[in-house]
Amino acid sequence: MPMIDMRERNVLRMTRAELHRLIWSKPMTEIARRYGVRDQHVAQACDAYDIARPRAGHWQKVEHGKSVETAALDNKNHSSEAIIIIEPAVGRPGGFQRGGDGGAKRCAA
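Residues numbered from 1 in each chain as written. Predicted model: local features only at pLDDT ≥ 70, side-chain atom pairs only at ≥ 80, totals over all residues. Heavy atoms only, no water.

A. The arrangement of the overall build of the protein in detail. On a plain count of helices and strands, the protein comes out with four helices and five strands. Its helices and strands taken in sequence order, the protein reads β-β-α-α-α-α-β-β-β from the N to the C terminus. Split into buried and exposed, the 109 residues of the protein put 39% on the buried side. Pairs at least 24 residues apart make up 59% of the contacts formed inside the protein by residues separated by at least 6 positions. Only carbon and sulfur atoms are counted for the fraction: they give 48% of the accessible area of the protein, which is about 6,700 Å². (Helix = DSSP H or I, 4+ residues; strand = E, 2+ residues; numbered from the N terminus. Buried < 20%, exposed > 50% of the residue type's maximum accessible area, 1.4 Å probe, protein only. Contact = heavy atoms within 4.5 Å. Areas by Shrake-Rupley, 256 points an atom, 1.4 Å probe, with all protein chains shown as cover.)

B. A look at the nonpolar core. One finds Leu-19, Ile-23, Val-42, Ile-51, Ile-84 and Ile-86 to be the most contacted residues of the largest nonpolar core, which totals 21 residues. Listing elements by their share of this core, those giving two or more residues are β2 (11-15), α1 (16-23), α2 (28-35), α3 (39-48) and β3 (83-87). For this core, the element with the highest residue contribution is α3, accounting for five residues. Among residues more than four places away in sequence, those in contact with Val-42 are Leu-19, Ile-23, Met-28, Val-37 and Ile-86. (Core = buried A, V, L, I, M, F, W, Y, C linked by side-chain atoms within 4.5 Å.)

C. The side chain of Glu-18, seen in detail. Tracing the sequence through the fold places Glu-18 in helix α1. No salt bridge is formed by the buried Glu-18. Its closest oppositely charged neighbour is Arg-21, at 4.9 Å. Here the side chain of Glu-18 touches Thr-15 through a polar contact of 2.8 Å, landing on its backbone nitrogen. (Lys, Arg positive; Asp, Glu negative; His and termini not counted. Salt bridge = Lys/Arg side-chain N within 4 Å of Asp/Glu carboxyl O. Polar contact = N/O pair within 3.5 Å; in protein donor to acceptor, adjacent residues only side chain to side chain.)

D. Local environment of the pattern of salt bridges. For the structure on display, the rule yields one salt bridge. With a shortest N-O distance of 3.1 Å, Arg-53 and Asp-47 are connected by a salt bridge. A residue is classified by how much of its surface remains accessible, and Arg-53, at 34% relative accessible area, is partly exposed. According to the relative accessible area criterion, Asp-47 is partly exposed, its value standing at 45%.

E. Summary view of α2. Of all the residues in α2, the buried ones are Met-28, Ile-31, Ala-32 and Tyr-35. Down the axis, α2 shows its buried residues gathered within 95 degrees of arc, on one side only. Remark: Gly-36 follows α2 within two positions and exhibits a positive phi of approximately 75 degrees. (Arc of directions from axis to C-beta.)

These results come straight from atomic positions and should not be treated as a statement about function.
Set out below in structure tokens:
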């Protein structure tokens with residue numbers, strides 16, 4: 001289950017596997033609203049970690065009971081347990097930030 005760090009407003013920390021499950025369970029706009037981050041930065045985190053996202057029309061098909069495919073998590077370049085941090089940008093435009101210490105990558109929302 002994704003964690004929200006209550007000491008820092010709207011900081012979302014999770015593993016790649018958790019983000020993959022979340023992305024394929026509900027629309028990104030709903031995820032962003034629920035966790036208080038921007039959907040563009042959730043998308044950037046997915047792209048940075050090679051997490052496939054549902055294509056346009058996916059959620060409409062789900063709504064109408066049509067069959068849809070879920071992409072498997074590709075672990076070739078990143079561990080499924082790698083930590084992802086999505087947080088609000090403070091004093092700068094939002095965007096993806098790479099951690100210099102080889103640890104968790106951060107996405108500014």
